[in-house]
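# Per-entry structural report
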Amino acid sequence: MKKTVIKYGLIGGAIVSLFMVFTMPFFDSEAIMDYGELIGYTSMIISSTTIFIGIRTYRNEELGGVISFGKAFLLGLYIALVAATLYVITWMILSGVFMPDFMENYTAAILEGMQEAGKNQAEIALQMKELETWSELYKNPLFKILFTYMEILPVGLIVSLISAAILKKK
């Protein structure tokens, strides 16, 4: 199982990390800022296909075509953890080297979007206060790591659940 976890976790992590590396140069453009979350989560879903493939391969090649929901889910979760760790490492390096002012830019983009959408000053002030709190937390590397895991792990968890449900065989 360990070999499958490492192999498919690294493949999934490489996919999502390479996607991040190749889109990073365009991140300052308004188009990428507007669609950054969509692009990011799309790359996470694409990379999470390795969870399904890893579970199916392990079931068919190592377990003779039989796997319980629990074992399939755990295998998927482990693959997701390896991929997520590679994603977090990549983000920590890229954001630290190429985007040290990421939170400031992100905050400015959100506030600008609220102004363009015609939100009132009270809503904008409330959002600004919340973003200032998050920005302060984001300066701590431990919180930055945890926030980054919170971006990708829910996707891996959902894909692991769906894959385990589809691939379980008694």
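Everything quoted here is computed from the prediction, not taken from an experiment.

Our focus in this paragraph is the packing of helix α1 (residues 2-23) against helix α3 (residues 49-62). To characterise two packed helices, one gives the angle between the axes of the helices and the distance between these axes. Relative orientation of the contacting elements α1 and α3 amounts to 160°, with a least axis distance of 9 Å. If you check the angle between α1 and α3, you find them roughly antiparallel. Our pair here, α1 against α3, has a crossing hand that is right-handed. Where α1 approaches α3, its residues Thr4, Tyr8, Ile11, Gly12 and Ile15 are matched on the opposing element by Thr50, Ile53, Gly54, Thr57 and Tyr58. Grouping the amino acids of the contact of α1 with α3 by side-chain chemistry returns 5 nonpolar, 5 polar and no charged.

Moving on, we come to helix α7 (residues 141-167). Between its first and last C-alpha, α7 extends 38 Å over 27 residues, near the 39 Å set by a 1.5 Å rise per residue. At Ile152, α7 shows its strongest bend, of approximately 30°, with the proline Pro154 following within four residues. For α7, the set of buried residues is Lys144, Phe147, Thr148, Ile152, Val155, Gly156, Val159, Ser160, Ser163, Ala164 and Leu167. For α7, the capping residue at the N-terminal end is Asn140, with a side-chain oxygen 2.9 Å from the backbone nitrogen of Leu142.

In this section: the environment of Val5. With respect to the helices and strands, the residue Val5 is situated in helix α1. On the basis of relative accessibility, which here comes to 10%, the residue Val5 falls in the buried class. Measuring from C-alpha to C-alpha, the distance between Val5 and Asp101 comes to 35 Å, with 96 residues separating the pair along the chain. Apart from the residues lying within four places of it in its own chain, the contact partners of Val5 are Leu10, Leu75, Tyr78, Ile79 and Val82.

According to the stated counting rule, one finds 4 aromatic pairs in the structure shown. The interplanar angle of 5° and the centroid separation of 6.2 Å between the aromatic rings of Tyr138 and Phe147 together place this pair among those described as stacked. Since its relative accessible area comes to 12%, Tyr138 is described here as buried. For Phe147, a relative accessible area of 14% puts it in the buried group. One aromatic cluster is present, formed by Trp134, Tyr138, Phe143 and Phe147 through successive ring pairs.

Reading the values: rules and limits
The numbers attached to residues start from 1 for each chain and follow its sequence in the written order. Thresholds applied to this predicted model are a pLDDT of at least 70 for local features of residues and 80 or more for the giving and counting of side-chain atom pairs; totals over whole chains, interfaces and linings are not thresholded and use all residues. Think of the side-chain values as coming from all heavy atoms in the structure, minus any hydrogens and water. In this analysis an axis means a line fitted to C-alpha atoms, helices contributing only their contacting stretch, and an angle means the value between N-to-C directions, from 0 to 180 degrees. Working definition: helices are DSSP H or I runs of at least four residues, strands are E runs of at least two. Numbering for both runs from the N terminus. For this classification, under 35 degrees means roughly parallel, over 145 means roughly antiparallel, 65 to 115 means roughly perpendicular, and everything else is oblique. In this scheme the handedness of a crossing depends on how the near helix is turned from the far one: anticlockwise by less than a right angle means left-handed, clockwise means right-handed. It only takes one pair of heavy atoms within 4.5 Å for two residues to be counted as in contact. When residues are grouped by polarity, Ala, Val, Leu, Ile, Met, Phe, Trp, Tyr, Cys and Pro land in nonpolar, Asp, Glu, Lys and Arg in charged, and all others, Gly among them, in polar. Helix span is expected to be 1.5 Å times the residue number reduced by one. Two axes enter the bend calculation: one fitted to the seven residues ending at the residue in question, the other to the seven starting there, and the bend is the angle between them. Burial here depends on accessible area, computed with a 1.4 Å probe over protein chains only, as a share of the maximum for the residue type. Under 20% is buried, over 50% is exposed, and the range in between is partly exposed. Any pair of N or O atoms that falls within 3.5 Å is considered a polar contact. Within protein, one atom must be able to donate a hydrogen and the other to accept it, and sequence-neighbouring residues count only if both atoms are side-chain atoms. Aromatic pairs are defined between Phe, Tyr and Trp rings, using the six-membered ring for Trp, whenever the two ring centres lie within 6.5 Å; interplanar angles under 30 degrees are classed as stacked, those over 60 as edge-to-face, and all others as tilted.

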